[in-house]
Amino acid sequence: MKILLRGGRVVSGDGCRPADILIDNGIILEVGTELEATGARVVPVDGKLLFPGFIDAHTHFDLHVAGTVTADDFETGTKAAIRGGTTTVIDFGTQYPGETMKEGLDNWHKKADGRSSCDYGFHMSITEWNEELSREIDDMIAAGVTSFKLYMTYDTQVDDKTIFQILKRLKEVHGITGVHCENSGLIAALQEEAGQRGETGVASHPATRPAAAEAEAINRLLRLAQIAEAPVVVVHLTCEEGLKVIEEARERGQEVYAETCPQYLLMDDSLYHLPGFEGARYVCAPPLRKPSDEARLWQALNNGEIQTVSTDHCSFTLKQKELGKDDFTKIPGGMPGVETRGILMYSEGVAAGRIDEARMCRLLSENPARLYGLYPRKGVLAPGSDADIVVFDPSAEEVITVKDQITNVDYAPFEGRKVKGRIQQVYLRGELAVDDHQVVQTGLGQYISRGTYEDCR
């Protein structure tokens with residue numbers, strides 16, 4: 001049966017306008033005023049904003065890391081995501097040392113296929129480089145894996161030579177890579193010094209991963225990309241120093257995209273100085289920064305210097321965090337975020353006057369769809385697009401609390417925060433997945449084979 005959403009305000013990257021949306025067989029047929037409702041089930045959405053389904057291009061579900069496994073797998077993580085208005089996630093598959101990329105991709109399909117409640121795709125994290133892996137890039141592109149991930153820190157890091165070679169290879173196939181930028185050598189030295197001083201508590205986490213370590217790595221990456229003449233994505237940008245380096249590269253004519261996350265917009269490093277071990281729940285990498293960095297990142301969102309807001313959802317229970325109770329370097333790094341990203345960006349962004357609805361749409365829907373080869377199937381409410389729709393009530397007010405969340409962890413990073421707005425309904429390819437802010441259908445997710453970012457520019 002056709003569905004007609006009547007009386008709402010449709011949000012695009014260009015603005016908001018009163019319009020109805022007619023859906024048939026999971027696809028948007030028409031967007032306009034006073035659409036014909038014959039044969040359609042009419043759903044009144046008066047006073048509601050209609051956003052394209054949000055896209056989270058940075059999640060870590062069912063990831064083995066730091067001596068444990070993330071608390072959210074694809075079943076629980078995508079259920080939380082759809083409740084938060086995210087209709088598509090792009091998770092990080094990994095080619096571990098000694099594996100082929102095909103083995104890495106197969107492993108992630110086993111984790112996700114048949115268990116996901118929102119649509120999903122994969123980036124491929126590359127941990128080593130040789131002729132065989134270089135040839136496999138073509139196979140990944142054919143399989144719809146058109147974006148990749150490189151680390152400049154952790155045990156999965158690659159060196160500068162490898163980064164340069166991968167950037168050149170991806171340019172050949174119109175692929176693009178996101179990069180975790182931190183100077184691993186500097187971090188290791190600072191952590192060693194902290195250990196020698198007996199400073200093993202949570203407060204040493206930000207002290208040993210300073211903004212300068214992030215900015216230096218961004219600069220090094222962008223100089224490699226400059227010589228390779230390749231585009232690149234700086235993921236989870238946290239600080240003004242790093243943004244300055246990105247702007248300098250753009251002034252040189254480089255194609256650089258930037259992503260940040262709600263935690264870097266709404267939290268600061270004072271949380272690492274909470275009593276006892278409480279600050280461990282906020283340990284992530286790069287760490288939270290200063291209030292001045294938050295302010296600069298909001299400014300960058302509003303003026304287009306930062307293109308996307310993802311979550312870096314990498315969740316652990318408080319018990320798992322205790323793996324680092326005696327040594328901060330062993331605290332599993334990461335926080336949950338897929339369930340609250342949309343409401344936080346509206347409440348603290350749109351309602352607070354920092355950004356408007358159109359900018360929120362670009363950051364959460366349109367830009368990631370274009371950057372990661374999903375547009376116009378995803379990221380826009382237009383005829384022919386998937387009927388992925390967030391029905392948002394801007395007049396509602398709620399409080400974020402662990403008691404209400406379905407994310408598979410025993411704390412909420414934004415516990416007690418009052419928020420403006422509510423995700424009332426979510427449609428995934430025309431199927432009502434969330435109603436009255438509750439998940440009413442699970443397991444609807446499908447694997448999405450993506451084009452290249454060049455296809456969607």
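Described below are features of the structure shown in this document. (Residues numbered from 1 in each chain as written. Predicted model: local features only at pLDDT ≥ 70, side-chain atom pairs only at ≥ 80, totals over all residues. Heavy atoms only, no water.)

## Points about the layout of surface pockets
Quick reminder of the rule: Only protein atoms enter the 1 Å grid used here, on which a cavity is any set of points holding a 1.4 Å probe that cannot leave and a pocket is any open set flanked by protein within 12 Å on both sides along at least five of seven lines; residues with an atom within 4 Å of a point are listed as lining. Grid points are joined across faces, edges and corners, and a volume is the space filled by probe spheres set on the points. The numbering of helices and of strands both runs from the N terminus, where a helix is a DSSP run of H or I of at least 4 residues and a strand a run of E of at least 2. Any residue that is not Ala, Val, Leu, Ile, Met, Phe, Trp, Tyr, Cys, Pro, Asp, Glu, Lys or Arg is counted as polar, Gly included; the first ten are nonpolar and the last four charged.
Computed from the structure, the largest pocket encloses a volume of approximately 810 Å³. Lining the largest pocket are 36 residues, with Val65, Ala66, Tyr154, Asp155 and Gly333 positioned closest to its centre. With 4 residues, the top contributor of residues to the lining of the largest pocket is helix H5 (residues 184–196). Its residues placed into classes, the lining of the largest pocket shows 16 nonpolar, 15 polar and 5 charged. If you go around the second largest pocket, you meet 21 residues; those closest to its centre are Glu339, Thr340, Ile343, Ile400 and Asp404.

## Quick look at helix H4 (residues 160–172)
Test applied: The span you would expect from a helix comes to 1.5 Å times its residue count less one. Each residue gets one of three labels from its accessible area relative to the maximum for its type: buried under 20%, exposed over 50%, partly exposed in between, using a 1.4 Å probe on protein chains only. This arc is taken over the directions from the axis of the helix to the C-beta atoms. Every residue pair with non-hydrogen atoms within 4.5 Å of one another is taken to be in contact.
For H4, built from 13 residues, the straight-helix expectation of 18 Å at 1.5 Å per residue is met to within 8% by its first-to-last C-alpha distance of 19 Å. Every buried residue of H4 is listed here: Thr162, Ile163, Ile166, Leu167, Arg169 and Leu170. For H4, the angular spread of buried residues about the axis comes to 165°, placing them on one side. Exposed residues on H4 whose side chains face more than 90 degrees from its buried face are Lys161 and Glu172. On its buried face, H4 is in contact with strand S10 (119–126), helix H3 (131–142), strand S11 (147–151), strand S12 (176–180), helix H7 (211–228) and strand S13 (232–234). Just past H4, the residue His174 takes up positive phi, approximately 65°.

## What to know about the pairing of strand S5 (residues 49–52)
The side chains of a regular strand alternate between the sheet's two faces. Quick note on the threshold: For two strands to pair, DSSP has to find at least two bridges joining them.
Judged by which residues are buried, S5 turns out to be covered on both faces: Leu49 and Phe51 on one side and Leu50 and Pro52 on the other are all buried. Summarising the sheet, strand S1 (residues 2–12) and S5 pair through 2 bridges and their orientation is parallel. By the bridge assignment, Val10 is partnered in S5 with Leu50. Both S5 and strand S16 (residues 389–399) contribute to a ladder of 4 bridges, which runs antiparallel. Across the sheet, residue Pro52 finds its bridge partner in S16, namely Ile389.

Without other data, these values stay purely geometric and don't point to any function.
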